[in-house]
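# A structural walkthrough
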Amino acid sequence: MRYLPLTPEDRAEMLTIIGAPSIDALFADVPPEAHLGGPVDLPPHQGELEVERALGRLAARNRPAGAGPFFCGAGAYRHHVPASVDHIIQRSEFLTSYTPYQPEIAQGTLQALFEFQTQVAALTGLPVANASLYDGSTACAEAVMMAARVTKRSKAVLSGGLHPHYAEAAWTLAHTAGVATQRLPAAIDAEAAVLDAIDADTACVVVQTPNVFGTVTDVSLIAEAAHAAGALVVVVTTEAVSYGLLKSPGEMGADIAVAEGQSIGNPLTFGGPYVGLFACREALTRQMPGRLCGETVDAEGKRGFVLTLSTREQHIRREKATSNICTNSGLCALAFTVHMTLLGEAGLTQLAKLSHARARLLREALAAVPGAEVLTSRFFNEFAVRLPKPAATVVNALAADGIIAGVPVSRLDPAAGMDDLLIVCATETTSHADIAEFAEALTEELAQ
Amino acid sequence: MRYLPLTPEDRAEMLTIIGAPSIDALFADVPPEAHLGGPVDLPPHQGELEVERALGRLAARNRPAGAGPFFCGAGAYRHHVPASVDHIIQRSEFLTSYTPYQPEIAQGTLQALFEFQTQVAALTGLPVANASLYDGSTACAEAVMMAARVTKRSKAVLSGGLHPHYAEAAWTLAHTAGVATQRLPAAIDAEAAVLDAIDADTACVVVQTPNVFGTVTDVSLIAEAAHAAGALVVVVTTEAVSYGLLKSPGEMGADIAVAEGQSIGNPLTFGGPYVGLFACREALTRQMPGRLCGETVDAEGKRGFVLTLSTREQHIRREKATSNICTNSGLCALAFTVHMTLLGEAGLTQLAKLSHARARLLREALAAVPGAEVLTSRFFNEFAVRLPKPAATVVNALAADGIIAGVPVSRLDPAAGMDDLLIVCATETTSHADIAEFAEALTEELAQ
Amino acid sequence: MTMLAVGRPTQPEIEAGAAPDVEGHGLVQDELLIFELGGWAKTGVDLPEPERDASDLAGLTREAPIGLPGLSEPETLRHYVRLSQKNHAIDLAMYPLGSCTMKHNPRLNEKMARLPGFADLHPLQPVSTVQGALALMDELAHWLKTLSGMPAVALSPKAGAHGELCGLLTIRAALEARGDARRTVLVPVSAHGTNPATAAIAGYQVVEIAQTDDGRVDIADLAAKLGPGVAAVMVTNPNTCGLFEREVLEISRLTHAAGAFFYCDGANFNAIVGRVRPGDLGVDAMHINLHKTFSTPHGGGGPGAGPVVLSAALAPFAPAPWVVSDGAGFHLVERNEGEAAAAFGRMCAFHGQMGMYVRALTYMMSHGSDGLRQVAEDAVLNANYVKARLSGELTPAFPDGPCMHEALFDDAWLEGTGVTTLDVAKALIDEGFHPMTMYFPLVVHGAMLIEPTETEPKREIDRFCDAVLRLAAAAKAGDVARFKGAPYKAPLRRLDETAAARKPRLRWTPG
Amino acid sequence: MTMLAVGRPTQPEIEAGAAPDVEGHGLVQDELLIFELGGWAKTGVDLPEPERDASDLAGLTREAPIGLPGLSEPETLRHYVRLSQKNHAIDLAMYPLGSCTMKHNPRLNEKMARLPGFADLHPLQPVSTVQGALALMDELAHWLKTLSGMPAVALSPKAGAHGELCGLLTIRAALEARGDARRTVLVPVSAHGTNPATAAIAGYQVVEIAQTDDGRVDIADLAAKLGPGVAAVMVTNPNTCGLFEREVLEISRLTHAAGAFFYCDGANFNAIVGRVRPGDLGVDAMHINLHKTFSTPHGGGGPGAGPVVLSAALAPFAPAPWVVSDGAGFHLVERNEGEAAAAFGRMCAFHGQMGMYVRALTYMMSHGSDGLRQVAEDAVLNANYVKARLSGELTPAFPDGPCMHEALFDDAWLEGTGVTTLDVAKALIDEGFHPMTMYFPLVVHGAMLIEPTETEPKREIDRFCDAVLRLAAAAKAGDVARFKGAPYKAPLRRLDETAAARKPRLRWTPG
Ligand SMILES: Cc1ncc(COP(=O)(O)O)c(C=O)c1O
Ligand SMILES: Cc1ncc(COP(=O)(O)O)c(C=O)c1O
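Read on for an overview of the structure. Worth saying up front: this structure is predicted, and the values here are computed from it rather than measured. (Residues numbered from 1 in each chain as written. Chains lettered and ligands numbered in written order. Predicted model: local features only at pLDDT ≥ 70, side-chain atom pairs only at ≥ 80, totals over all residues. Heavy atoms only, no water.)

## Focus on the interface of chain D and chain C
Listed by partner, the interface residues are 85 residues for chain D and 86 residues for chain C. Regarding the contact of chain D and chain C, the summed buried area is about 7600 Å², with carbon and sulfur atoms giving 58% of it. Our enumeration of links across chain D and chain C arrives at 6 salt bridges. The partner of R78(C) in a salt bridge is E460(D), and the shortest N-O contact between them spans 3.6 Å. One can count 13 residue pairs in polar contact (both at pLDDT 80 or more) joining chain D with chain C. In terms of residue class, the side of chain D that touches chain C is built from 38 nonpolar, 21 polar and 26 charged. (Contact = heavy atoms within 4.5 Å. Buried area = accessible area lost by both parts, 1.4 Å probe. Salt bridge = Lys/Arg side-chain N within 4 Å of Asp/Glu carboxyl O. Polar contact = N/O pair within 3.5 Å; in protein donor to acceptor, adjacent residues only side chain to side chain. Nonpolar A, V, L, I, M, F, W, Y, C, P; charged D, E, K, R; others polar.)

Following this line, the structure appears as structure tokens:
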């Protein structure tokens, strides 16, 4: 088999040196009754050509976002990823290396992580960022846990604008630890409402901007109030490109900023792998989850980078660790950093403005569709539209015409009673023709 | 623009250091009347996304070989290229380096070339192989020129089984140098006929096996006769995979073996870039065209590799060089070597047998089609079929049904008077279903 | 163009001497941080002009600059290619990190994961437009269930530790469902750090189980600690000493008898895949690191994927999403309703690590049932070969009997040499290898855990063993400098981690 | 898994000393030849069993083994990745090989060339199934014709030298068509080796044209040698000294007045693309190296592509194939008939370097007319900057006036140092750079030809110039060892090319 270098002669020779009569002898510790006599009931090995064809057939049963007009956002965003980003992350030295535990032969990964942390800190407007978490939703959950640790309080207030999956992931992690998550009713412009829910037991408020309905909020006042009540402020962002245009979480008083980094450098890939961004105030550093890369010097005094402050982590602190995370999203973080380096501040700003502009064009087009009502007033690149029929019905109808119209709120949160709401999104990949086709098809669909 | 690192500030600063008032001043030597005032009449720069979409639209107007049943050969062959081959040739260090003129920092390329030369020598059964030429057809033309140089004779006899494009390319190069090329009439089983054309002025006979009609020939007897007449024997092969099953040119007495190496490691790419293989007897080494990589040692006695015997080449010998070739097919040669290393003798043999087996299945299927007559009796993986109507007509009709039926002889050589002949080919990529579909469609087409 | 147009081939004129003080580094380039390359106004992308402004966001937009440099494409590419060459990688040499299963990452996996039909798919597209993706998840689940001999699998966990959490939360939900609140989880002392960390995060108290002298779970201690308060026993098998838990059936019997669940850490599944099914060992839940056993790349620290196979008793409590199918095709159950009414919640947004699913399935289909069985056999053979070759000079932690996929040594053989396990690791770097895992598991003093994996050729393993034996000889001969100063030949000399931790510099700052 | 589970971050214990004699090399691995890795029965592919045997080829099949080793996929990948790290590359550092235009190779080019619609296309498929490919060739031709200001282009030549041949054969055919057999081609002494070599192969006698002291064609000598026997004048412009032929209009006037054709070697087109059209200079034929000006990668020696733009007088004689279009779409004229009745023949099988066409067009469309003009300007600016920075210490071959895309120095500045141009080149390797082109053009003693290209950032050019100036100082200070022994820091020390040529070992042989 092509991935197995040992030859029959090798195996025989090695067994001799080991002094074992057979391979089976090496499995002697396995209880006899647990030994499988032969291969399990699965197909035998196949050549590359055959496997490629089989996977190709599966892929062909999907409709790629790029195959036509496409308007999904709500936590994952279709942006163009430059070819050079993919080239770099496929370099053997990045792709096939492990967590940089031996810094002398991992400076490539470590320096890139140090650049990543610096970029994330700059984007979030906070001084400290870690080396990535799994994704935005788990980063959000970790932020809630961290706030509870820091404040020794046991309640988190979740805005009604927080992505429902994020709220569920946060609840799942928190409630097991006895931390209550008070999730406020879903609303287009929901963030301010968290103020009324803050009480003496509140560890943090979790607000999202742009939120799941696209609404952009300046959380400065919320932050002031929360801080006054001794609660921390966690600001969630699912569209990292928005950092290029909007005030940063740090600027608005966030104690912890978490984000989904996918939209910079990483393809959609049906939801994963993505990369969780996590940044916070200096004082909270030692309560952070996940790995941190730090600067130091080598024996000759040359600058180098290492993983540091590991005494927070599971492999040192075990049951007292700040998190159980080990493997994170290294390669996605590298993709983020390479793309971010290509963009630079000028490119990111331009990209953000372009996405916003395309979203405004989309808004203009949809606002003109009889029966459709745009609900989100302050948006970056996505917004909610009210339709005269269930959004899911409309989405399925348009999908049949080759248009992926967006995300029905009912898919994310049936309980919200917003079945007639559709979340639509535009990015630099959304063409004028896409928008025109969508508006036309929607007009027809609503006319029926 | 994304590929240009200089900033306006850089340009200004550099001009100052140069002491030039403006960029235009640096173009002062250009006659004023030849200066273009502004950009030429072509579209302005575009972003990656826009360019990718434009190229994607062009690509979408082609029907890839892999999109359905496909039976073209006749000089270019569709074989599966393992993903790791493409990964290696995209490594920055191989992709973005120049001809290895500074051996101390080009050992990667040089060692790979040394492996390539050794592989080609083994496959052709000849002791010396060069570091590649452009493709099989230009290698064939160079072989004719070399034979003329070596024998100081001025006629080359080209078999009627030689690929017509090869014959034309050889004629083009040869006649300008006053070397006549006597091209014998096209015939399915054509190679032996060269014997009668050999005369005292014959520098070489050029035979092809498997030839353009698929016929496999043992050229041993031809070689004997040619040698007796003082002529060299050039054996051409367009399907390098056949080396895995058939007698090698060297084994059969070839003085020079040339081949198209595309089918090992290189995609079809509409005809190029490909890689010309060129091997010969030891005595002819210093008459060879193209680069040669040789073994040596460094100042510490460590083994290393360098380009050698350059005194044959244009950059040293100028108008007396054995060829004018400079840039060759380095990266395609690397792809060939990596794929060949993956295959190994076991894999190449298996691949050859499999291609042959699929061709036999194809023969069985087509032989059963009423009106179709298989003409080639001894074939490797392609053969000629006589049809009751013009092959081109049939090919176009089947193309409309999504089947690429093969290559009509009329497309290669209208003068041959073989309009009813179709050359079909099978490889490991040809599935049983492909064959069945083809036979069925052909039956229908011929029934009309 | 041509070098040497003078035509005379050249020849070294003087005998090679030691390098004079040359400032450069040949092919290895020092490389600054992007923030020091000074591209503050530069960009490596070309974008069209926005057709609308951002006037509608007045008051919400950033005023101050972010402070991010940009580089042109040539500069960016060069920067990261240079950095890459400062890394060790599987593609360069043996990477015998015990417990990490650093095996070959096939490029076919990468190619398949990049098919637009997978890579350019949004998680919330209508399911009618992603049937192939759901079919792939269903097929992957089928392989994992068949290989583990267990009836269900939760795919969404994003890594091993996430899978552990998923498993424990499933157990917790199952216990709560039967109104049985239990508070502790038993974990062997040799367990990987994520086990106790996960148990704690899942709201459990961690109680350690002792280990026998032969590196296995102390059954007596386990029996003693099992009781009505124990929710689960969390055992790694093969364990982190590279040994198979001989008494595994007894462990599961005792565990179940006590009304607890048997969680197995499957990080070492590579040692038994295709030969032993955890389901046959009484396991209730086990995470599988697709980035170990199933060859998805580690990527310098991730991403991975940690699906959890589950017993029938636990299956109903698995978290959303679930892939289900009927005549009409595949569907996604994304909420705790219908089949998933009892699901304990959600591990993350969307449906998990699709990119890793594609890679893992590509790998599984390539190997097939026969190949995967061979994987386990060769992995175990390679490890035992390393153990056999090194046992003469080094001191195996558990000399008796075969090991599984990794060979564990303690540092007794270094006694009196002044050389430590860390020093040996750093010296191995000079020899061209990535060091073994060191100081883990904690139960073994100065542990050196060596996992060659099945994709190492004998030649490379021999090269590695020869180097280790050379070092052993040097250490015993008292050549301490070779160790304390190591590495000498890496891009950097030994790094000062203490200084890094004392005053952390976690991001670049101007000046 | 984790290193340092002991929890204490570590710190170098001893001061760094020089490396003791450590056998290894850190990350850089020695690597044997595949023939020495001993995989004689191995394979890195899995293929199904053939459904038929080869009995029908009795007597024609090979009996003896070929003698080819094979390796598993992990071994193969590792072997070539290790080798790759022994190469210098544009992606690693400045590669200022004069006349080679080693510019950035965009990865978008590679991505586009791999679209199945281009990469998986057979050259002899029915034209109805390759309309996009023909449209692309037509579009590329349009860009080349517009940029050169010439009415026609022959795409098929596979590299620059092949393009030269194509151009001269076109000229020859045109002359023969008017019954005018001419026998000589005039070539400046500074010409690239391929020029005289090509002229000879095209059946012409080569007569050299003298060069003026300011590095241009000696017009008087040209006029003297022009006559009824001269078929063509072959001039490189900008020329190989990196200078623009000021008298180019006079050259073409004289050439045409003598009934000869003006062939221009366009290898240096990068210096003027978008700013000057060869058509406006009276050029009749010029090859364009897509692998220089239009960024297709050099790939360690190729493949390239050398399309030839042609004047109206020469157009009818261009070789097959031709792409033509009508209402029904695009067609291929593959034989000397119809539009191509006068074509001189065929340069190669099929239609040329499609893979390079895709890359080049991708690059052209990315830059656009504005970007390409900027390319020429930045390329010339960078070269003049190098010339300005180095002229203090080095001796420019042609100090007066600006250079174009490359800066040429002679070795006068090395006089008396005992250091040669070759030594400087090798010493540059230690500094981390690829050397400049040396000993070319032949007209300049100990020539050093430096072409930075437009894709080098100022910072890297400064780094390069600083290194050269450091070396100049060292040479003048008499530090000869630094040069004669160089390179010290490359994967290998200086190689013995003389020994290689004396008894050539051109392939591996057992034992
Ligand atoms: C034994 C063991 N358990 C659990 C884990 C955690 O897996 P992951 O890093 O994917 O979270 C690892 C890997 O580091 C491990 O080796
Ligand atoms: C001036 C000049 N002419 C011609 C050539 C030949 O081009 P190619 O190597 O593509 O055949 C080159 C490149 O080496 C060159 O520099």
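And the narrative resumes.
## Some remarks on the side chain of E75(D)
Looking at the secondary structure, you find E75(D) in helix α1 (residues 73-84). Its relative accessible area of 11% is what places E75(D) among the buried residues. Of the polar contacts made by the side chain of E75(D), one reaches the side chain of S72(D); its length is 2.7 Å. Once residues within four sequence positions are removed from consideration, E75(D) is found in contact with P5(A), P457(C) and K42(D). (Helix = DSSP H or I, 4+ residues; strand = E, 2+ residues; numbered from the N terminus. Buried < 20%, exposed > 50% of the residue type's maximum accessible area, 1.4 Å probe, protein only.)

## Thoughts on the pairing of strand β3 (residues 180-183) of chain A
Along any regular strand the residues' side chains alternate between the sheet's two faces. Pairing geometry for strand β2 (residues 155-158) of chain A and β3(A), over 4 bridges, is parallel. Of the residues in β3(A), the one forming a bridge with A156(A) is T181(A). (Pairing = 2+ DSSP bridges.)

## Brief notes about the site of ligand 1
Inspection of the region around ligand 1 gives 16 residues, with T327(A), S99(C), D265(C), H291(C) and K292(C) positioned closest. More than one chain reaches ligand 1: the nearby residues come from chains A, C and D. S99(C) is positioned such that a nitrogen or oxygen atom in its side chain is 2.7 Å from an oxygen atom of ligand 1. Within the side chain of D265(C), one N or O atom sits 2.6 Å away from a nitrogen atom of ligand 1. For ligand 1, the protein covers 100% of the area, taking 390 Å² as the surface of the free molecule. Tallying contributions element by element places helix α5 (residues 160-177) of chain C first for the shell around ligand 1, with 3 residues. Along the lines of polarity and charge, the residues of the shell around ligand 1 split into 6 nonpolar, 7 polar and 3 charged. (Near = heavy atom within 4 Å. Areas by Shrake-Rupley, 256 points an atom, 1.4 Å probe, with all protein chains shown as cover.)

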